[in-house]
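# Understanding the architecture of this molecule
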Amino acid sequence: MELIQENPDLSAYLAADEAIDHRHPLVRETATRLAEGADDSYVYARAAYEFVRDTIPHSADAGDPRVTWRASDVLERRTGICHAKAHALVALLRAEDIPTALCYQRLLHDDGSAFALHGLVAVRFDGSWHRQDPRGNKPGVDARFSLGGERLAFPVDAAAGEVDYPTLHAEPNPVLLDILKAAPDRPWLWERLPEELPAAQG
């Protein structure tokens with residue numbers, strides 16, 4: 001699949017916003033700590049990815065009802081669904097001047113009863129974008145950081161109606177972000193998360 005850069009200006013993929021708040025002291029502190037053991041940006045990117053994937057539990061896997069959406073809150077509270085964890089990873093990578101985008105997939109629930117919008121990221125190295133999924137591994141899910149072929153959490157079954165959205169977003173989808181911000185807990189959120197990527201408004 002050919003990934004499509006939504007904004008031709010690469011600097012848009014380094015920007016901070018209310019969800020990807022990479023100027024926040026906790027994000028900066030975390031990035032600095034991860035960078036201390038990294039010889040170059042490739043090693044740092046892998047370290048940041050593995051930090052988000054492995055040390056911040058996916059709230060559904062952990063049975064955690066709390067909802068986070070801002071990167072600094074994800075790092076502080078150590079919980080989040082896929083979208084929140086993606087925001088955290090984007091912030092950590094942009095904090096070290098690595099262009100990073102948000103990506104989305106439409107996936108079937110495990111029981112096949114309905115679709116859910118899944119969030120992941122793409123990182124830019126050597127003139128190309130490479131998708132990475134930091135949602136967290138579990139039995140049946142073995143996502144890895146890779147620049148030489150995707151190692152994502154979930155294969156997409158187009159015949160079943162699943163979708164790989166090719167657009168690389170510089171900011172979180174605003175409709176999705178509003179739902180995350182309004183959610184008092186994860187059960188409420190689960191009832192309202194979109195099944196497909198909402199159209200941009202405005």
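Look a little higher up for the structure.
The sections below set out a description of the structure shown in this document. Sequence order sets the numbering: in each chain, residues are counted from 1 along the sequence as written. This being a predicted model, a pLDDT of at least 70 is required before a residue's local features are given, and a value of 80 or more before pairs of side-chain atoms are given or counted; all residues contribute to the totals for chains, interfaces and linings. Computation of side-chain values covers all heavy atoms of the structure but excludes hydrogens and water.

### A look at the overall build of the protein
In DSSP terms, a helix is any run of H or I states spanning at least four residues, a strand is any run of E spanning at least two, and both are numbered starting from the N terminus. Helix and strand content of the protein: 7 helices and 6 strands. Element order for the protein, N to C, with α for helix and β for strand: β-α-α-α-α-α-β-β-β-β-β-α-α. Over its C-alpha trace the protein gives a radius of gyration of 16 Å, about what one expects of a compact globule, namely 17 Å for 202 residues. In terms of overall dimensions, the protein has a C-alpha envelope of 45 × 40 × 35 Å along the principal axes. The buried label goes to any residue with under 20% of its type's maximum accessible area, the exposed label to any with over 50%, and the partly exposed label to all in between, with areas taken from a 1.4 Å probe on protein chains only. Counting every position in the protein, which comprises 202 residues, the buried fraction comes to 48%. Two things to know: the radius of gyration comes from C-alpha atoms, and the globule rule equals 2.2 Å times the number of residues to the power 0.38.

### So, the pairing of strand β4 (residues 128-132)
Counting buried positions over the 5 residues of β4 gives 4, a clear majority of the element. Paired strands are those between which DSSP finds at least two bridges. Taken together, the 5 bridges between strand β3 (residues 115-125) and β4 define a ladder with antiparallel strand orientation. Bridging from a neighbouring strand, Val121 pairs with Gln132 of β4. Taking the residues between adjacent antiparallel strands as the criterion, β3 and β4 are bridged by 2 residues, where Asp126 takes a positive phi near 55°.

### Regarding the pattern of salt bridges
By definition here, a salt bridge exists when the distance from a side-chain nitrogen of Lys or Arg to a carboxyl oxygen of Asp or Glu is within 4 Å. Enumeration over the complete set of coordinates arrives at 10 salt bridges. Among the ionic pairs, Asp54 bridges to Arg53, the shortest N-O distance being 2.6 Å. The exposure class assigned to Asp54 is partly exposed, which follows from its relative accessible area of 47%. Residue classification places Arg53 among the buried residues on the basis of a relative accessible area of 13%. Note that Lys138 is salt-bridged to Asp61, the shortest N-O span being 3.8 Å. Highlighted residues: Lys138 in the loop between β4 and β5 (163-164) and Asp61 in helix α3 (residues 59-62), separated in sequence by 77 residues. Within this structure, Asp61, Arg135 and Lys138 form a network of salt bridges that share partners.

### Considering the nonpolar core
Only buried residues count toward a nonpolar core, which is a set of Ala, Val, Leu, Ile, Met, Phe, Trp, Tyr and Cys residues joined through side-chain atoms within 4.5 Å. Judged by nonpolar contacts, the single largest core of 46 residues is most densely connected at Tyr44, Leu92 and Leu93. Going through the elements one at a time, α1 (25-36), α2 (41-55), α4 (71-77), α5 (82-95), β2 (100-108), β3 and α6 (174-182) are the ones with two or more residues in this core. The dominant element in this core, judged by the number of residues it contributes, is α5, at 9 residues. In contact with Leu92, not counting residues within four places along its chain, are Val27, Thr30, Ala31, Leu34, Tyr44, Ala48, Phe51, Val52 and Leu75. Counting residues in hydrophobic clusters, the runner-up holds 11 residues, among them Tyr13, Ala101, Leu168 and Ala170. Throughout, a contact is declared for two residues whenever any of their heavy atoms are within 4.5 Å.

### Observations regarding α5
A helix is expected to reach a length of 1.5 Å times the quantity of its residues less one. Taking 1.5 Å of rise per residue, 14 residues should cover 20 Å, and α5 covers 20 Å from first to last C-alpha, within 8% of that figure. Most of α5 sits inside the fold, with 14 of its 14 residues counted as buried. One or two positions beyond α5, positive phi appears at Asp97, with a value near 60°.

### Some words on α2
Counted at 1.5 Å a residue, the expected span for α2 with its 15 residues is 21 Å, and the 20 Å between its end C-alpha atoms agrees. Restricting attention to buried positions, one finds in α2 the residues Tyr44, Ala45, Ala48, Tyr49, Phe51, Val52 and Arg53. Among the structural elements, α1, α4, α5, β3 and β4 are those in contact with the buried residues of α2. Between the side-chain oxygen of the N-cap and the backbone nitrogen of Tyr42 there are 3.1 Å, and the N-cap of α2 in question is Asp40. Here a polar contact means two N or O atoms within 3.5 Å. Within protein one must be a hydrogen donor candidate and the other an acceptor candidate, and residues neighboring in sequence count only if both atoms are side-chain atoms.

### Structural notes on the sheet that holds β3
The 4 strands are arranged β4-β3-β2-β5 in an open sheet whose pairing can be described as antiparallel. Strands with a single pairing partner mark the edges of an open sheet, and in this sheet they are β4 and β5. Bridging between β2 and β5 involves 2 bridges; their strand directions are antiparallel. The partner of Gln105 across the bridge, within β5, is Asp164. Along the sheet, α5 contacts β2 and β3; its crossing angle with β3, the most-contacted strand, is approximately 10°. Helix axes are fitted only over the stretch in contact, all axes being lines through C-alpha atoms; the angle between N-to-C directions runs from 0 to 180 degrees.

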